Every structure is written in structure tokens, then in C-alpha cells.
Amino acid sequence: MPVIVFVSPKGGVGKSTSAVLLSQELANHADVGLLDGDPNRPLTQWGKGEHKPERLTIYSDVDEENILDVIDEAAQKNTFTVVDLEGTAAKIVLLAVSQADLVIIPTQGSQLDAEQATRGLRVVKQQEKMSRRTVPYRILLTRTSAAIRTRTMTHIIASYAAAGVRVLSTEIVEREAFKAMFSFAEPLSHLDRSQVSNVDKAIANAEAFAAEVISILRETAQESSNQQEVA
Ligand SMILES: Nc1ncnc2c1ncn2[C@@H]1O[C@H](COP(=O)(O)OP(=O)(O)O)[C@@H](O)[C@H]1O
Ligand SMILES: [Mg+2]
């Protein structure tokens, strides 16, 4: 069952946030395994909250030594497996990417961030060479403004398109609700709307993200089965 791996060499770009958003959405409809590959265990902390979705299992004991086995176990038990990594240690990233049906590379909308995202892409390309298979990936723009499209962002999106780099059409907008999830150890659905603004918009954003990921997984599964038929 599909394995989705979040990769980015840079910290603070919204990997863990996006991984939690995707996992909690998918867990409304399916069993989801979420691997917390960050030694600081931010997702494990989040999952200690009272309202962790029932169909979401967090795997906390993940390191370079065991990651292939844990992905295997999670993928057998769950419909979706989501892997969040800290992003600096090269080996664990390569190992996780080797198992990925989709790699998501979150990046913020600055030129420097875009350059970091290119490093994430390089990992995907390396893996493709090593394994002689196509590794589907998408860039995910994070922490974008709900109100305005900056010139830098327009330029970055155009540069990705010119370079043939694939970018998700859903962006993760900068929202207080996405921070509040971690502060209160709650899924979006249980945030206190009297204290946190725009929870509904945050939920709609997470739903759109999950829907796009599912449609890409369907598309790539179809492509790979077509390729196998040709072979
Ligand atoms: N879309 C967002 N809206 C608001 N805050 C965000 C968003 N994405 C990330 N953050 C905040 O930015 C910081 C880094 O995000 P995090 O998901 O932990 O990044 P990473 O896992 O890439 O290091 C955290 O404080 C998080 O709450
Ligand atoms: Mg993180």
C-alpha cells in the first residue's frame, strides 16, 4: 500500500506540519501509519493528545537501522504509510525514498528555499539511478500567503515549470491553526474555534492537499501498471 515520504534538506519548511495534515485527513477514511523519523519526535508528541484519530498509528521508534523494517510493517498494516524525516542524515533519507510511491518535497517561497528543494530533488534522481525505477515526486509550496501571490513566488513557480519540476497545485497556507495543532496536541478538527482563527479554512486546505495526493497516487499507480504491461 502506498508509502509517501516527506523530504527536505532544510529544517523548518513545514515537513512535519504537512505530514500531520496529510495523515490526519487520510485517517478519516483509512488506516494510516505515520513514521516519526525525527529524533526530536514532534509527531509522537502531537499524537499523545487525547484526540489522535483512531485510524492513525504513529511509529516512533524509527532510525537508520530499522527504517526499512518499520516501513514494511506499517505498509502491511495500513492503507497509507506517511514518513516524516528530519532531513539532514543522508542515509535514512535514501533508505526511505527507496520505498516511496510518492516523495513530497515541502519548500517555502524564497529563492534560497527553492535551491534547497533542488537538493531534495537530487536525492530523488539519485534513487532513480540506484533503483532503475521512476520515483514519483512533487514539490509542495508551504507557508504561503492566503492573501497575496508575491512576485518571488510567481518567479519560483515559473522557474520550476520551465525546468520541468512538478509542483502540487495545492499549497499549504501560513495559518495559525497549523501551529496550534502542535501547541495543543490536537488534530485540526478538535481545535477550539474560539481561540484559533480560520480553522475551517485550515481543514479545507488539508482536505485539498490529501485529495491531490490521492489523485497523484492513483495516476502513478496506473502509469506504472501500464509500463509493466508494455514490458
Ligand atoms: N503552514 C504553516 N502555517 C503556520 N506555521 C507553520 C506552517 N508550516 C510550518 N509552520 C511552523 O513552522 C515551524 C517549522 O515547521 P515544521 O513542520 O516543524 O517544519 P520541518 O518539519 O520541515 O522542520 C513550526 O513552528 C511550525 O508550527
Ligand atoms: Mg520536522
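Going by the structure above, here's the rest.
Everything numeric here is computed off the predicted structure, so don't read it as measured data. (Residues numbered from 1 in each chain as written. Chains lettered and ligands numbered in written order. Predicted model: local features only at pLDDT ≥ 70, side-chain atom pairs only at ≥ 80, totals over all residues. Heavy atoms only, no water.)

(A) Quick look at the packing of helix H1 (residues 15-26) against helix H8 (residues 199-230). Packing of H1 against H8 leaves a shortest axis separation of 9 Å and a crossing angle of 80°. Comparing the axis directions of H1 and H8 gives the class roughly perpendicular. Counted together, Ser18, Leu21, Leu22, Glu25 and Leu26 of H1 and Ile203, Ala206, Glu207, Phe209, Ala210, Val213 and Ile214 of H8 form the full contact between these two elements. The class makeup of the residues in the contact of H1 with H8 is 9 nonpolar, 1 polar and 2 charged. (Axes fitted to C-alpha atoms, helices over the stretch in contact; angles between N-to-C directions. Helix = DSSP H or I, 4+ residues; strand = E, 2+ residues; numbered from the N terminus. Parallel < 35°, antiparallel > 145°, perpendicular 65-115°, else oblique. Contact = heavy atoms within 4.5 Å. Nonpolar A, V, L, I, M, F, W, Y, C, P; charged D, E, K, R; others polar.)

(B) Spotlight on the site of ligand 1. Near ligand 1 you find 14 residues, and of these Gly12, Ser16, Thr17, Arg143 and Val173 are the closest. With respect to ligand 1, the backbone of Gly12 contributes an N or O atom lying 2.6 Å from an oxygen atom. At 2.6 Å from an oxygen atom of ligand 1 is found a side-chain nitrogen or oxygen belonging to Thr17. Contact with the protein chains covers 79% of the free accessible surface of ligand 1, which is 560 Å². Elements with a contribution of two residues or more to the shell around ligand 1: H1, strand E7 (172-173) and helix H7 (176-184). Taken together, the residues of the shell around ligand 1 break down into 4 nonpolar, 5 polar and 5 charged. (Near = heavy atom within 4 Å. Polar contact = N/O pair within 3.5 Å; in protein donor to acceptor, adjacent residues only side chain to side chain. Areas by Shrake-Rupley, 256 points an atom, 1.4 Å probe, with all protein chains shown as cover.)

Spatial relationships are all this shows, so hold off on functional conclusions.
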